[in-house]
Number of protein chains: 2
Amino acid sequence: MRSKNETSGQKRSFIEKARRAQIITAAVDTIAEVGYPNASLARIADTAGISKGVISYHFAGKDELMDQVVTDIYTEIGESVLPRIMEQQNAADMLRAHVRGVAGYALTHPGRMATLTQIFTHARKADGTPRYGAAETEALYEPLENLYRAGQDSGEFRDFDVRVMAVTQQAALDAMFSYCSLHPDHDLMAYAHELSELLVRAIRADPPSPAPM
Amino acid sequence: MRSKNETSGQKRSFIEKARRAQIITAAVDTIAEVGYPNASLARIADTAGISKGVISYHFAGKDELMDQVVTDIYTEIGESVLPRIMEQQNAADMLRAHVRGVAGYALTHPGRMATLTQIFTHARKADGTPRYGAAETEALYEPLENLYRAGQDSGEFRDFDVRVMAVTQQAALDAMFSYCSLHPDHDLMAYAHELSELLVRAIRADPPSPAPM
DNA sequence: TCATTTTTTGACCGCATGGCCAGAATCTAG
DNA sequence: CTAGATTCTGGCCATGCGGTCAAAAAATGA
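Residues numbered from 1 in each chain as written. Chains lettered and ligands numbered in written order. Predicted model: local features only at pLDDT ≥ 70, side-chain atom pairs only at ≥ 80, totals over all residues. Heavy atoms only, no water.

Caption draft 1: Molecular detail of the overall build of chain A. Helix and strand counts for chain A come out as nine helices and zero strands. Taken from the N to the C terminus, the helices and strands of chain A come in the order α-α-α-α-α-α-α-α-α. Overall size of chain A, expressed as C-alpha extent along the three principal axes, is 75 × 40 × 35 Å. Counting the 213 residues in chain A, one finds 43% classified as buried. The long-range share in chain A, meaning contacts at least 24 apart out of those at least 6 apart in sequence, stands at 63%. Total accessible area on chain A stands at roughly 10800 Å², and carbon and sulfur atoms take up 54% of it. When the 22 basic and 28 acidic side-chain charges of chain A are each reduced to a single mean position, those positions are 7 Å apart. (Helix = DSSP H or I, 4+ residues; strand = E, 2+ residues; numbered from the N terminus. Buried < 20%, exposed > 50% of the residue type's maximum accessible area, 1.4 Å probe, protein only. Contact = heavy atoms within 4.5 Å. Areas by Shrake-Rupley, 256 points an atom, 1.4 Å probe, with all protein chains shown as cover. Lys, Arg positive; Asp, Glu negative; His and termini not counted. Charge placed at Lys NZ, Arg CZ, Asp CG, Glu CD.)

Caption draft 2: Representation of the relation of the copies chain B and chain A. Structural alignment of chain B on chain A gives an RMSD of 0.1 Å, achieved by rotating through 180° and translating 0.0 Å along the axis. Here the transformation between the copies is reduced to the relation of a two-fold axis. Residue by residue, 95% of the interface of chain B is reproduced at the interface of chain A, so both copies engage with the same surface. (Least-squares fit on C-alpha atoms with pLDDT ≥ 70 in both.)

Caption draft 3: Broad picture of the protein's contact with DNA strand D. Near DNA strand D you find 17 residues, and of these R19 and H58 of chain A together with L41, K52 and K62 of chain B are the closest. R19 of chain A is positioned with one of its side-chain polar atoms (N or O) 2.5 Å from a phosphate oxygen of DNA strand D. Between DNA strand D and L41 of chain B, the relevant distance is 2.9 Å, taken from a phosphate oxygen to a main-chain nitrogen or oxygen of the residue. Every element with two or more residues in the surface near DNA strand D is listed here: α1 (14-34) and α3 (52-58) of chain A together with α3 (52-58) of chain B. Considering every element that reaches the surface near DNA strand D, the biggest residue donor is α3 of chain A, with five residues. Class assignment of the residues belonging to the surface near DNA strand D gives a composition of five nonpolar, seven polar and five charged. (Near = heavy atom within 4 Å. Polar contact = N/O pair within 3.5 Å; in protein donor to acceptor, adjacent residues only side chain to side chain. Nonpolar A, V, L, I, M, F, W, Y, C, P; charged D, E, K, R; others polar.)

Caption draft 4: Up close: helix α6 (residues 112-122) of chain A. Taken residue by residue, α6 of chain A has M113, T115, L116, Q118, I119 and H122 of chain A as its buried positions. Buried residues along α6 of chain A sit in contact with α1, α4 (62-86), α5 (91-108) and α8 (162-182) of chain A together with α6 (112-122) of chain B.

Caption draft 5: View of the nonpolar core. Among the nonpolar cores identified, the biggest contains 131 residues, and L65, Y148 and L195 of chain A together with L65, Y148 and L195 of chain B are the most heavily contacted of them. With sequence-adjacent residues up to four places away left out, L65 of chain B is seen in contact with I23, I24, A27, L41, I44, I55 and F59 of chain B. (Core = buried A, V, L, I, M, F, W, Y, C linked by side-chain atoms within 4.5 Å.)

Caption draft 6: Region of interest: the interface of chain B and chain A. Opposite the 42 residues of chain B that make contact, chain A presents 40 residues. Applying the counting criterion to the chain B and chain A interface returns four salt bridges. For R204 of chain A, the salt bridge goes to D206 of chain B, with nearest N and O atoms at 3.0 Å. Here chain B is connected to chain A by twelve residue pairs in polar contact (both at pLDDT 80 or more). At the level of secondary structure, the elements contributing two or more residues to the side of chain B that touches chain A comprise α6, α7 (134-154), α8 (162-182) and α9 (188-203) of chain B. The dominant element in the side of chain B that touches chain A, judged by the number of residues it contributes, is α8 of chain B, at ten residues. Residues that form the side of chain B that touches chain A fall into these classes: 22 nonpolar, ten polar and ten charged. (Salt bridge = Lys/Arg side-chain N within 4 Å of Asp/Glu carboxyl O.)

Caption draft 7: Seen up close, the protein's contact with DNA strand C. Lining the immediate surroundings of DNA strand C are 16 residues, of which K52 and K62 of chain A together with R19, S51 and H58 of chain B lie closest. The contact atoms of DNA strand C, taken as those within 4 Å of the protein, divide so that sugar and phosphate hold 64%. S40 of chain A places a side-chain nitrogen or oxygen 3.5 Å from a phosphate oxygen of DNA strand C. The separation between a phosphate oxygen of DNA strand C and a polar side-chain atom of K62 of chain A is 2.5 Å. Sorting the residues of the surface near DNA strand C by element identifies α1 (14-34) and α3 of chain B as the ones contributing at least two each.

Caption draft 8: Geometry of the packing of α1 of chain A against α6 of chain A. Residue and element names in this part refer to chain A. Running from N to C, α1 and α6 cross one another at 80°; their axes reach a closest spacing of 8 Å. In terms of axis orientation, α1 runs roughly perpendicular to α6. Between α1 and α6, the residues in contact are V28, I31 and A32 and R112, T115, Q118 and I119, respectively. For the contact of α1 with α6, the residue count by class is four nonpolar, two polar and one charged. (Axes fitted to C-alpha atoms, helices over the stretch in contact; angles between N-to-C directions. Parallel < 35°, antiparallel > 145°, perpendicular 65-115°, else oblique.)

Caption draft 9: Looking closely at helix α4 (residues 62-86) of chain B. Residue and element names in this part refer to chain B. Taking 1.5 Å per residue, 25 residues should reach 36 Å; α4 reaches 36 Å between its end C-alpha atoms and fits that length. Most pronounced at E79, the bend in α4 amounts to some 25°, and the proline P83 follows within four residues. For α4, every residue scored as buried is listed here: E64, L65, M66, V69, V70, I73, I77, V81 and I85. Considering only its buried residues, α4 is in contact with α1, α2 (41-48), α3, α5 (91-108) and α6. (Expected span 1.5 Å × (residues − 1). Bend = angle between axes of the 7 residues up to and from the residue.)

Okay, structure coming up:
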C-alpha cells in the first residue's frame, strides 16, 4: 500500500509524477475525443496504454483525476491569456484581449477547452448534483467583474449590472467553442473578433462626441 | 401486443393519451428535480406512481419519451412567446420581447426550461454523440437571424454577423436560466431587462444624432 | 356472465460503470 | 544475489441502467 495520495499530498516520486501526467494527458485526449460520459476509466487507461488499475493506484478516484485535469488546464489558460490582457492600456482592449486570448489558446490547444466544458457540464457528485457548481463559476466571474468596474470608473463603460454581463460573457465564450467545434468550417478567430465587438458595444459608454460631419 | 406506437402513429385511445401525458409530466418533474443523468426510467415511473414497465408499454423507449417532452415544451414556449414578439413595432422591441417573453415563460413554468436544457446537454445517442445537435440548434438560430436581418434592413441595427449574434443570444438566455436557478435570490425579470439592454446595444446602429446639448 | 383485449406488474436480462484486490512483475538497496 | 518496497495486471464485485417478458389484473363487449 501507500500512505501518500492524501489531500495533504506532498512530494511525489519522480516516476509517480510522470505517471500522473501521462494519465492526465490520456484523460484529456479521451474526453475531447469521445465526450465525458463515454470517457470511462477503462477507456482512459486504454488511451494511455496501461491497465485500469493503475489509475486507481495513482489517483484516489475518478473525481481526483478530473480535479487535476481541470486545475492543469485552468493554470495553462491563465498563463497564456493573462499576459495578453495585462499589456493592454484600457478596459475595452482588455476585454477584447480576453476574448481573443482565450480563443487563441483554444486554437493552440484543440481539445483542452472542450474537455473543460465537458467536465463542467457532466461531472456529478455521488448525490447527482453537479460537481463544479456555483463556487467554481464564481471564480470565473470575479475577474471579469473587476475588469468591468475598472472600465466604469474610468468612464469607458456605462453603468450596467456587472454580474449579468459576466455571466453573459462567459456563456458567450463557451458557446463560441461549442459552435466552432461543431462547425469546424467557421473561423474561430473571426468569430472571436466579432464577439469581442458585440461585447464591447454592449457596455461601452454612450459616445459623448457627435457623429462626424 | 399492440400495433400502434409506430412513428407513423395516429389516433390513440383516450386513456392512452392520458397515460402518456401523465408520464411526460412525471418525466419533466423528475428531470427538473434530480437532473437528466439521475432521471432513470425507474425514477420517472416512481414519480408517476406507476411501474417501470408502463413507460416501455406506452413509449418506444426513453428516446421517444424525451422527444415528446422536448416537443411539448417547445410548443408551449412558442405559443407563449410568439404573440408577444409579433405585437411589437420594431426589431429592437421584438428582441427585447423575445428575451423577456422567454424569461416570463420560465417564471410561469418553473422547471420546464431547466428540463429542456438538461435534455439538450445530456441526452446522447447510442454511439455517445449528443442526441440533439446541430440540426436542432439550427432551428433556434434561424428565427433570431431573421429578426436581426429585418432590423438591419430597416436601419435599426448595424452590420454584424447574425450567426455569431444568434449563438451568443441563445447562450446568454441559457446562462440566464442556469444562473437564476442556481441563485434563486436573483430576480429573473430584472436580469432579463438588463440582458435585453445588453443585447440591443451590442447590435444597434450607431446613433446618428449627436449627444444632447 | 364470461371470453377477449388492453393494461399493469415485478422479476429478470445483458451490459457498462467505478472501484477493489490478490498476485505477478519490476525496481531498489544492501 | 537477495529481500523488500513499489508498481502493475487482469479479473472480480456491487450497482444501476434501459429494456423485455410471462403472468396477473382490469377493462371491455356480447
